[in-house]
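# Fold and contact review
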Amino acid sequence: MQDLSITLIQAELLWEDAEANLRQFDDIIAPIDRSTDLILLPEMFNTGFSMNVDQCAEPPEGMTMKWLRERAAAKNCVVAGSVLTRKGSAFFNRFIWMRPNGTHAHYDKRHLFSMAGEDKIMSAGGSRTIVGLKGWNISLQVCYDLRFPVWSRNSYRDGRHDFDVLVYVANWPEVRKDAYQRLLPARAIENQSYVVWVNRVGKDGRDIFHSGDSGVYDPVGNPSALAKAGSRDVLHVTLSADFLLQQRSKFRIGPDWDSFT
């Protein structure tokens, strides 16, 4: 396991306008001249959190997928974020993990936000996705999943933790920011892992404001870095492998975790 360099992009999303959002992220990503292992974008970064599937849903190999593949290759790093995806007659809020070699993994959001009608339109995912990068195991999650600790929980088997980082991409409004500001460090502490949170900013098409508050929490729940609230920001953070392993070694709670199915 080596230190992991990540870049969080917190931006205002143009409502239901994929082409404009991709141009915006081109402008943000192009000047990044430092080496990074991972560039993270918010939930439904190309359209905003819209339930307008006729306007916003793309096939699994649509325009945004092609864009992700090109950006990952150009920057020689993983580029990841969620996209409203159509597969047959079903729709998914799909977190795409695009590698620089053009291959990808995905996670379909498990907990659909019923108060916005997401559960009436989208299909829920049925399994977690854990991906590898530079010796780290990374669990992919989307926004509302943060409220469900059993789904987000770590496991310890055969002397190893299932994951080392929890990544949440989000469109979570400011009116409920107190919740995520408490839950994010809690997830880090209870799972002895880093937690990464990438949220949008600005008003969406329903006039709901988002303050972003993107950031990284270390395995003891302290913020390693936080983006500027309420405005576009590009945050570069290095996750320390030594710090993670030291914390797990000196306070070994993994072997005492309960087993769940």
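For clarity, every value in this text was computed on a predicted model and none was experimentally measured.

## Some details on the packing of aromatic side chains
- Under the definition given, this model contains eight aromatic pairs.
- Between the aromatic rings of Trp 136 and Tyr 194, the centroid separation amounts to 5.9 Å while the plane-to-plane angle is 55°, which identifies the pairing as tilted. Of the two residues, Trp 136 sits in strand β7 (residues 136-142) while Tyr 194 sits in strand β11 (residues 194-199), which places them 58 residues apart along the sequence. Each member of the pair, Trp 136 as well as Tyr 194, carries the same accessibility label: buried.
- The interplanar angle of 85° and the centroid separation of 5.6 Å between the aromatic rings of Trp 172 and Tyr 180 together place this pair among those described as edge-to-face. For the residue pair Trp 172 and Tyr 180, the accessibility class agrees, reading buried in each case.
- Taken together, Phe 25, Phe 45 and Trp 67 form an aromatic cluster joined through their ring pairs.
- Note that Arg 94 overlies the ring of Phe 92, its terminal NZ or CZ placed 5.0 Å from the centroid.

## Re the sheet that holds strand β5 (residues 104-108)
- Spatial ordering of the open sheet is given by β5-β4-β3-β2-β1-β16, a layout of six strands whose pairing is mixed. This sheet does not close on itself; its edge strands, each paired only once, are β5 and β16 (233-239). Taking each pair of neighbouring strands and ignoring which way they run, the sheet shows an average axis angle of 30°.
- Pairing of strand β1 (residues 4-10) with strand β2 (residues 38-40), which is carried by three bridges, proceeds in the parallel orientation.

## Remarks on unusual backbone geometry
- Positive phi, close to 45°, is recorded for Met 44, a residue that is not glycine.
- Structurally, Met 44 is set in the loop between β2 and α2 (53-56).
- Even without glycine at this site, Cys 143 takes up a positive phi of about 40°.
- Following the sequence through the fold, Cys 143 ends up in the loop between β7 and α5 (149-152).
- Since its relative accessible area comes to 7%, Cys 143 is described here as buried.

So, how was this worked out
Residues numbered from 1 in each chain as written. Predicted model: local features only at pLDDT ≥ 70, side-chain atom pairs only at ≥ 80, totals over all residues. Heavy atoms only, no water. Phe/Tyr/Trp six-rings, centres within 6.5 Å; stacked < 30°, edge-to-face > 60°. Helix = DSSP H or I, 4+ residues; strand = E, 2+ residues; numbered from the N terminus. Buried < 20%, exposed > 50% of the residue type's maximum accessible area, 1.4 Å probe, protein only. Lys NZ or Arg CZ within 6 Å of the ring centre and 35° of its normal. Pairing = 2+ DSSP bridges. Axes fitted to C-alpha atoms, helices over the stretch in contact; angles between N-to-C directions.

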